[in-house]
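Each chain is listed here by its residues.
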Amino acid sequence: MSVWSWAVVVLLACLLAPPSAGAAVLLVQPQTLEPGQPALVRVCRTGKTSHARLSFAGREWRLWRGSDGCLYGVLPVDLGVRPGHYLLRIKDGSRQLAAARLAVRARDYGVRRITVDPKFMELTPEQLAWYKRDVAAIKAAYARTAAQRLWRGGFRRPLGGKVVGPFGRRSLINGQERSPHGGVDLRAKKGEPIRAVAAGRVVMLRDTFFGGKMIILDHGQALYSRYLHLSAALVRPGQKVARGQVIGRVGATGRVTGPHLHFDVRFGGARVDPLGWIKLSGRLAEMLGDK
Ligand SMILES: [Zn+2]
């Protein structure tokens, strides 16, 4: 812990917490936030807490007790959060333990401009209905999460391939703005094994219109990973999986031009850079004393 420099964001004194609670110390790393980049949060000297949560930009996430007695959490700044200043609050029920005003600065992830025959832009009524069913199924999967943390230790990559589609890149198709890339595309050959990035449970396995064969893993407490365009799935819905377990094989199903793996991570509804998440999860595991 001591090797990395925590940036002291705020020393919160008596202003926001009752005097009996003492002064909680809140630290956030990195200090300046960016859309899509997760930050690590540490809160010390909170006294006894049972349900401490952090709230930011209209969403809430839980905190965990570290091996040093401090509380740790991840601030998963969603890719869609607009640059500006936001209040980070640490609460235990209705009691505020600490707060800090944090800046989110703009980050340019680049733009991809594609021109396609306009006829490929239009979906048939059947395709549109399929897509709408996918959206509902994915939403339902993201609403089913285990109350406990199912993972231990840092997350790993699902496979080794080079990034061919970076996280966050905007895409303009025939000049029309589409949603930015919410995950990473990893180069891989058809049939290559895909491994679970952390322990969890299969909450969705489905043939989707855009994403092809798709697996969603729930890692508990609203943390999910998702794997798209598979040629085969080697797990069943509801199945528990271990970190590193082969869950499927790379393919080119859905609307893609060739085989690759699209992989993404969501935490409490926030879309974060999966590679940034992997990095940060290792540090979090260290703080939590995960074996
Ligand atoms: Zn992708």
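Remember, predicted model here, so these are calculated numbers, not experimental data.

**Student:** Looking at this model, I keep getting lost on the overall build of the chain. Mind explaining?
**Tutor:** When its secondary structure is counted, the chain shows 2 helices and 22 strands. A compact globule built from 291 residues would reach a C-alpha radius of gyration of about 19 Å, and the chain, at 20 Å, matches this within 12%. With the C-alpha coordinates of the chain rotated into their principal frame, the extents come out at 65 × 40 × 35 Å. Scored against the burial criterion, the 291 residues of the chain give a buried share of 37%. The contacts of the chain with a sequence gap of at least 6 include a subset with a gap of at least 24, amounting to 65%.

**Student:** Whenever I open this one, the nonpolar core confuses me. Can you help?
**Tutor:** Nonpolar side chains in soluble globular proteins generally cluster together in the buried interior. In terms of nonpolar packing, the biggest core is built from 67 residues, with Val28, Val43, Leu75, Leu88, Ile90, Ile215 and Tyr227 touching the most fellow members. Three or more residues apiece are contributed to this core by two domains, here domain 1 (8-104) and domain 2 (123-166 + 181-288). For Leu88, the contacting residues outside a window of four places in its chain are Val28, Leu54, Phe56, Leu75, Ala99, Ala100 and Leu102.

**Student:** Explain the pairing of strand S20 (residues 246-250) to me, please; I cannot follow it from the model alone.
**Tutor:** The side chains of a regular strand alternate, first on one face of the sheet and then on the other. Most of S20 sits inside the fold, with 4 of its 5 residues counted as buried. Direction of pairing for strand S15 (residues 193-195) relative to S20: antiparallel, over a ladder of 3 bridges. In the sheet register, Ile194 faces S20, and the bridge partner there is Gly248. Relative to S20, strand S18 (residues 223-233) runs antiparallel, the two sharing 3 bridges. In the strand pairing of S20, Ala232 is matched with Arg249.

**Student:** Looking at this structure, I do not really get the sheet that holds strand S13 (residues 176-178). What am I missing?
**Tutor:** Sheet strands line up and pair through hydrogen bonds in the backbone, either parallel or antiparallel. Ordered in space as S10-S12-S13, the 3 strands form an open sheet in which the pairing is mixed. Either end of the sheet is taken by a strand with one partner, and the two such strands are strand S10 (111-114) and S13. Along the sheet, successive strands turn relative to each other by an average axial angle of 25°, direction set aside. Where strand S12 (residues 170-173) meets S13, 3 bridges bridge the pair, whose relative direction is antiparallel. Within the sheet, the bridge partner assigned to Leu172 lies in S13 and is Glu177.

**Student:** Just to check I follow, could you spell out the domain arrangement of the chain for this structure?
**Tutor:** When the parts of a complex come together, some accessible area is lost, and that lost area is often used as the size of the interface. Splitting the chain by domain gives domain 1 (8-104) and domain 2 (123-166 + 181-288). The C-alpha-based centres of domain 1 and domain 2 are spaced at 28 Å. With 17 residues of domain 1 at the contact, the number on the domain 2 side is 16 residues. At the level of elements, strand S3 (38-44), strand S5 (59-62) and strand S7 (71-76) are the ones that each hand at least two residues to the side of domain 1 that touches domain 2. Counting residues per element, the side of domain 1 that touches domain 2 draws most heavily on S5, which supplies 4 residues. When its residues are assigned to classes, the side of domain 1 that touches domain 2 shows 9 nonpolar, 4 polar and 4 charged.

**Student:** Can you walk me through helix H2 (residues 274-288) in this structure?
**Tutor:** In an α-helix there are 3.6 residues to a turn, and that puts residues three or four apart on one side. With 15 residues, H2 extends 20 Å between its outermost C-alpha atoms, agreeing within 8% with the 21 Å of an ideal straight helix rising 1.5 Å per residue. Looking only at H2, the buried set comprises Pro274, Trp277, Leu280, Ser281 and Leu284. In the core, the buried residues of H2 are packed alongside S3, S7, strand S14 (184-187), strand S21 (260-267) and strand S22 (270-272). In the segment just after H2, Gly289 is the residue with positive phi, at about 70°.

What counts and how
Residues numbered from 1 in each chain as written. Predicted model: local features only at pLDDT ≥ 70, side-chain atom pairs only at ≥ 80, totals over all residues. Helix = DSSP H or I, 4+ residues; strand = E, 2+ residues; numbered from the N terminus. Rg over C-alpha atoms; globule rule 2.2 N^0.38 Å. Buried ≥ 20, exposed ≤ 12 C-beta atoms within 10 Å, placed from the backbone. Contact = placed C-beta atoms within 7 Å. Core = buried A, V, L, I, M, F, W, Y, C linked by C-beta atoms within 7 Å. Domains from an automatic or database assignment. Pairing = 2+ DSSP bridges. Axes fitted to C-alpha atoms, helices over the stretch in contact; angles between N-to-C directions. Nonpolar A, V, L, I, M, F, W, Y, C, P; charged D, E, K, R; others polar. Expected span 1.5 Å × (residues − 1).

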